Structure formats: C-alpha cells, structure tokens
Amino acid sequence: MALADLLSSFLPTVYAEEQPEEQPEEAVEEVEEEEEEPEDPKDAIMEGAKFSCQANIHHLPSVECQNSKECSKVKAHLDECTERVENGAHEDCIEEFFHFMHCADTCAAPKVFAATV
C-alpha cells in the first residue's frame, strides 16, 4: 500500500472541476442581541479602595533605599554616566541603572515584606 493510498483512505479527494452542490438559501432572520460589555474590574477596585494620589512617596521603602548610604556609590556611578550621556557620549546607562535598582530593591524588600505581615 502506497502512502498516497493510505492518505486517500482517510482524506477525500477534491477536484477543481466539480460544481459545488447548490443548497437552497433559507431566509434566516438574524436577531441582533445586545451584548453587555463586561465591567472593567479596575473601576471597581479603584472606587472600593478610595485610591488617593496624595500619597507621600518620600516615605516609601524603595525611595528611602535609593537615597540610602548603601546605594550611594551605585547612584554616583549612575549620575556620572547620566552626565556623560547628556554631554554627548554615545553610550547608555542601562547597566548602571540596573545595578542601582537592584541595590534599592535589595534594601527595600525586607521592609516591604515586613509591612505585609
């Protein structure tokens, strides 16, 4: 048994010359249903939490850690790189930025998790 015979036993063969069978068209009345849009959960969360944009961001652990003694050397490297870029250097400060954010995250993580317990 050839591969083509095996495939043809499972799959029908269609020829381009065959005319499609015409089926009588039935007039089907389409009923348009109004689809209700699902509510955005973000709106309910924001209303329920009474979110305030007046939060004091200077007391957040990540901001405190960015200005901490532990991250001061890394921040100095980032500031130097930023200054070079602003003066026309053809580099980016991605590596310095990631080092700085890693330092701030490492410092802030214990404070954030302690506040959630």
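Scroll up to find the structure this text is about.
Note that this is a predicted model, so its numbers are computed, not measured. (Residues numbered from 1 in each chain as written. Predicted model: local features only at pLDDT ≥ 70, side-chain atom pairs only at ≥ 80, totals over all residues. Heavy atoms only, no water.)

Participant: Explanation requested: the state of the cysteines in the structure shown.
Facilitator: What makes a disulfide is a covalent bond joining the sulfur atoms belonging to two cysteines. Inspection of the entire model under this criterion finds 3 disulfides. With a sulfur-sulfur separation of 2.1 Å, Cys71 is cross-linked through a disulfide to Cys103. Between Cys71 and Cys103, the S-S dihedral sits near -100°, and the bridge is therefore left-handed. Taken together, the positions of Cys71 in the loop between helix H3 (61-66) and helix H4 (72-86) and Cys103 in helix H5 (residues 94-116) put the pair 32 residues apart, joining distant regions of the chain. For Cys71, a relative accessible area of 0% puts it in the buried group. Sulfur-sulfur distance for the disulfide between Cys81 and Cys93 comes to 2.0 Å. Looking along the S-S bond of the Cys81-Cys93 disulfide, the torsion reads about -95°, which is the left-handed sense. Of the two residues, Cys81 is situated in helix H4 and Cys93 in the loop between H4 and H5; the sequence distance between them amounts to 12 residues. This pair shows no difference in class: Cys81 is buried, exactly as Cys93 is. With its bonded cysteines labelled in order along the sequence, the protein chain shows the pairing 1-6, 2-5, 3-4. (Disulfide = S-S within 2.5 Å. Helix = DSSP H or I, 4+ residues; strand = E, 2+ residues; numbered from the N terminus. Buried < 20%, exposed > 50% of the residue type's maximum accessible area, 1.4 Å probe, protein only.)

Participant: Would you explain the pattern of salt bridges in this entry?
Facilitator: Pairing is possible between side chains of opposite charge, provided their charged atoms come close. Within this structure, the stated rule accounts for 2 salt bridges. A salt bridge links Glu91 to Arg84, with the nearest nitrogen and oxygen atoms 2.8 Å apart. Overall, Glu91 belongs to the partly exposed group, its relative accessible area being 34%. Take Arg84: its relative accessible area is 36%, and that puts it in the partly exposed class. (Salt bridge = Lys/Arg side-chain N within 4 Å of Asp/Glu carboxyl O.)

Participant: Sorry, what's going on with the packing of aromatic side chains here?
Facilitator: The relation between two aromatic rings is expressed through the spacing of the ring centres and the mutual angle of the planes. Applying the stated criterion to the full structure yields 1 aromatic pair. A ring pair is formed by Phe97 and Phe98, whose centres lie 5.9 Å apart and whose planes are at 55°; its orientation type is tilted. Note on Phe97: relative accessible area 38%, which makes it partly exposed. Look at Phe98 and you get exposed, because its relative accessible area is 54%. (Phe/Tyr/Trp six-rings, centres within 6.5 Å; stacked < 30°, edge-to-face > 60°.)

Participant: What's the story with the packing of H4 against H5 in this structure? I'm lost.
Facilitator: When two helices pack together, their arrangement is given by the angle between the helix axes and the distance between those axes. For the pair H4 and H5, the least separation of the axes is 9 Å and the interaxial angle reads 155°. It follows from the interaxial angle that H4 and H5 lie roughly antiparallel. When you trace H4 past H5, the crossing you get is left-handed. In contact with Val74, Lys75, His77, Leu78, Cys81 and Arg84 of H4, H5 contributes Glu96, Phe97, His99 and Phe100. (Axes fitted to C-alpha atoms, helices over the stretch in contact; angles between N-to-C directions. Parallel < 35°, antiparallel > 145°, perpendicular 65-115°, else oblique. Left-handed = near helix turned anticlockwise from the far one by under 90°. Contact = heavy atoms within 4.5 Å.)

Participant: Help me understand the nonpolar core, please; the structure alone is not making it clear to me.
Facilitator: Soluble globular proteins tend to pack their nonpolar side chains together in the buried interior. Judged by nonpolar contacts, Cys71, Leu78, Cys81, Cys93, Phe100 and Cys103 together constitute the single largest core of 6 residues. Contributing elements (two or more residues each) for this core: H4 and H5. Apart from residues no more than four positions distant in its own chain, Leu78 is found in contact with Cys93, Glu96, Phe97 and Phe100. (Core = buried A, V, L, I, M, F, W, Y, C linked by side-chain atoms within 4.5 Å.)

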